[in-house]
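# Per-entry structural report
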Amino acid sequence: MKPRSSQLSPPIVLTFAASDPSGGAGMQADLMTISSIGCHPLSVTTALTVQDTVGVDSVLAVDADCVEDQARTLLEDMPVSAFKVGLLGSLENIAVIAGIVADYPAVPLVLDPVLASGRGDELADEEMITGLRELLMPLTTILTPNSLEARRLVDGNRDGTDDETDPLSPTLVECAQSLLDLGCEYVLLTGTHDNTVRVINNLYRKGLGLVRSDAWDRLPDSYHGSGCTLASAIAANLAHGLSMDEAVGAAQEYTWQALVAGFRPGMGQFLPDRFFRIRARRGGFDD
């Protein structure tokens, strides 16, 4: 039997992420999201975690040489249409991955700056944040922080508060501009952690400022892996050839629908249902 033409292959997305054994976030979330949007996912494991739907107990970074070997082996074999970067585990991994993606400047890079778990467990120290700012963000096509992550990336503010009485405390608009100044082409600042009736997500572009704003009904539950889902969905849509505006819009719609269809399998947060379309056709979950 003749091999099928490589032209019949779906778009390929390579994710750099930590493994989440709960299947809620991290690499598992990326693989499910990318697959459900019609792309073929490749994965480079950056760290192993001990976690469940409640929180993260520990993180063991994979050796940087192993991270590089995983990625280089895949990239020598298959063409990649988008990169997605999540939790990286160590400064050494950040440096290695920056060197890898720099060799592929035409491939869009979606960076989800995972700095803490939903429970507040620290997942990146100040050295790693500096590495993200100096090594990866100048190579980033779109950065997808929530408001807490944005402020910490800009000024190291751990609790993400915005003291409007302090003239030195940056507003979220100023945070977005500062992140663009660090080299990101786009910043999608999500409002999941803001005290607003609706979730407001704002897309900023270098040299243009605010270029898109979307409002979504705030759901009553707390979700594990929503940020991973959004960033992976953007990467998959970019891999399909959508413009940034189209990719961000479609990714938000997909993520919101996955959250609406979310389920709570454990004692902690709800998980997004990345296969909500398939389950809807089958009539929901089996009894």
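Everything that follows concerns the structure shown earlier in this document.
Heads up: these notes are all about the structure in this document. Bear in mind that the values here come from a model prediction, so they are computed numbers and not experimental data. (Residues numbered from 1 in each chain as written. Predicted model: local features only at pLDDT ≥ 70, side-chain atom pairs only at ≥ 80, totals over all residues. Heavy atoms only, no water.)

### Examining the sheet that holds strand E6 (residues 142-143)
Either a parallel or an antiparallel arrangement is found when strands of a sheet pair, and the pairing is made through backbone hydrogen bonds. A sheet is described by the order of its strands in space; here nine strands give the open sequence E3-E2-E1-E4-E5-E6-E7-E8-E9, paired in mixed fashion. Pairing within the sheet leaves two strands with one partner each, and these edge strands are strand E3 (56-61) and strand E9 (209-217). Of the pairings in the sheet, the one linking strand E2 (residues 40-51) to E3 comprises five bridges and is antiparallel in character. Bridging from a neighbouring strand, Ala47 pairs with Ala61 of E3. Helix H7 (residues 226-239) rests against strand E1 (12-19), strand E4 (82-85), strand E5 (109-111), E6 and strand E7 (186-189) of the sheet, and its axis sits at about 170 degrees to E4. (Pairing = 2+ DSSP bridges. Helix = DSSP H or I, 4+ residues; strand = E, 2+ residues; numbered from the N terminus. Contact = heavy atoms within 4.5 Å. Axes fitted to C-alpha atoms, helices over the stretch in contact; angles between N-to-C directions.)

### So, the environment of Ile129
The topology assignment puts Ile129 in helix H4 (residues 126-136). When its relative accessible area of 3% is taken as the criterion, Ile129 is described as buried. Separated by 87 residues in the primary sequence, Ile129 and Trp216 have C-alpha atoms spaced 29 Å apart. The contact partners of Ile129, leaving out residues within four places of it in the chain, are Leu115, Ala124, Arg152 and Leu153. (Buried < 20%, exposed > 50% of the residue type's maximum accessible area, 1.4 Å probe, protein only.)

### A few points about the nonpolar core
Judged by nonpolar contacts, the single largest core of 42 residues is most densely connected at Leu14, Phe16, Phe83 and Leu136. Counting residues per element, this core draws most heavily on helix H3 (residues 91-102), which supplies six residues. Contacts of Leu14, omitting those with residues within four sequence positions, involve Leu42, Ser43, Val44, Leu74, Leu75, Val80, Ala82, Phe83 and Lys84. Grouped together as the second largest cluster of nonpolar side chains are 25 residues, Tyr186, Ala247, Ala251 and Phe276 included. (Core = buried A, V, L, I, M, F, W, Y, C linked by side-chain atoms within 4.5 Å.)

### Regarding the packing of helix H1 (residues 26-36) against H7
The geometry of H1 relative to H7 is characterised by a closest axis approach of 9 Å and an angle of 40 degrees between their N-to-C directions. On the basis of the axis angle, H1 is oblique to H7. You can see that H1 and H7 cross each other, and the crossing is right-handed. Contact residues: H1 offers Gly26, Ala29, Asp30, Thr33 and Ile34, while H7 offers Cys228, Thr229, Ser232, Ala233 and Ala236. Split into classes, the residues belonging to the contact of H1 with H7 amount to five nonpolar, four polar and one charged. (Parallel < 35°, antiparallel > 145°, perpendicular 65-115°, else oblique. Left-handed = near helix turned anticlockwise from the far one by under 90°. Nonpolar A, V, L, I, M, F, W, Y, C, P; charged D, E, K, R; others polar.)

### A closer look at helix H5 (residues 147-155)
Those residues of H5 not exposed but buried are Ser147, Glu149, Ala150, Arg151, Arg152 and Leu153. Where H5 is buried, its residues meet H4, E6, helix H6 (172-181) and E7. The N-cap residue of H5 is Asn146: its side-chain oxygen and the backbone nitrogen of Leu148 are 3.0 Å apart. (Polar contact = N/O pair within 3.5 Å; in protein donor to acceptor, adjacent residues only side chain to side chain.)

### Observations concerning the packing of aromatic side chains
For the structure shown, the criterion picks out five aromatic pairs. Judged by centre distance (6.2 Å) and plane angle (45 degrees), the ring pair of Phe16 and Phe83 falls under tilted. Of the two residues, Phe16 is situated in strand E1 and Phe83 in strand E4; the sequence distance between them amounts to 67 residues. In this pair, the class of Phe16 matches that of Phe83, namely buried. With a centroid separation of 5.9 Å and an interplanar angle of 55 degrees, the aromatic rings of Tyr223 and Phe270 are classed as tilted. (Phe/Tyr/Trp six-rings, centres within 6.5 Å; stacked < 30°, edge-to-face > 60°.)

### A few points about the pattern of salt bridges
Scanning the model with the defined rule gives nine salt bridges in all. Its salt-bridge partner being Arg212, residue Asp245 comes within 3.2 Å of it at the nearest N-O pair. Of the two residues, Asp245 is situated in helix H8 (residues 244-260) and Arg212 in strand E9; the sequence distance between them amounts to 33 residues. Judged by its relative accessible area of 39%, Asp245 is partly exposed. A relative accessible area of 21% means that Arg212 is categorised as partly exposed. Among the salt bridges present, the one from Asp273 reaches Arg279, with a minimum N-O distance of 2.7 Å. (Salt bridge = Lys/Arg side-chain N within 4 Å of Asp/Glu carboxyl O.)

### A short note on a negative patch on the surface
Judged by side-chain charge, Asp63, Asp65, Asp69, Glu92, Asp125 and Glu127 come together as a negatively charged surface patch. Mapped onto the secondary structure, Asp65 falls in helix H2 (residues 64-77). (Patch = residues over 30% accessible without salt bridge, like charges linked within 9 Å, V, L, I, M, F, W, Y side chains within 5 Å. Areas by Shrake-Rupley, 256 points an atom, 1.4 Å probe, with all protein chains shown as cover. Lys, Arg positive; Asp, Glu negative; His and termini not counted. Charge placed at Lys NZ, Arg CZ, Asp CG, Glu CD.)

### Here we look at the packing of H2 against H3
At their nearest, the axes of H2 and H3 sit 9 Å apart, and the two run at 20 degrees to each other. Comparing the axis directions of H2 and H3 gives the class roughly parallel. The handedness of the crossing between H2 and H3 is right-handed. Only Glu92, Asn93, Val96, Ile97, Gly99 and Ile100 of H3 make contact with H2, whose side of the interface consists of Ala64, Val67, Glu68, Ala71, Arg72 and Leu75. Considered class by class, the residues forming the contact of H2 with H3 number seven nonpolar, two polar and three charged.

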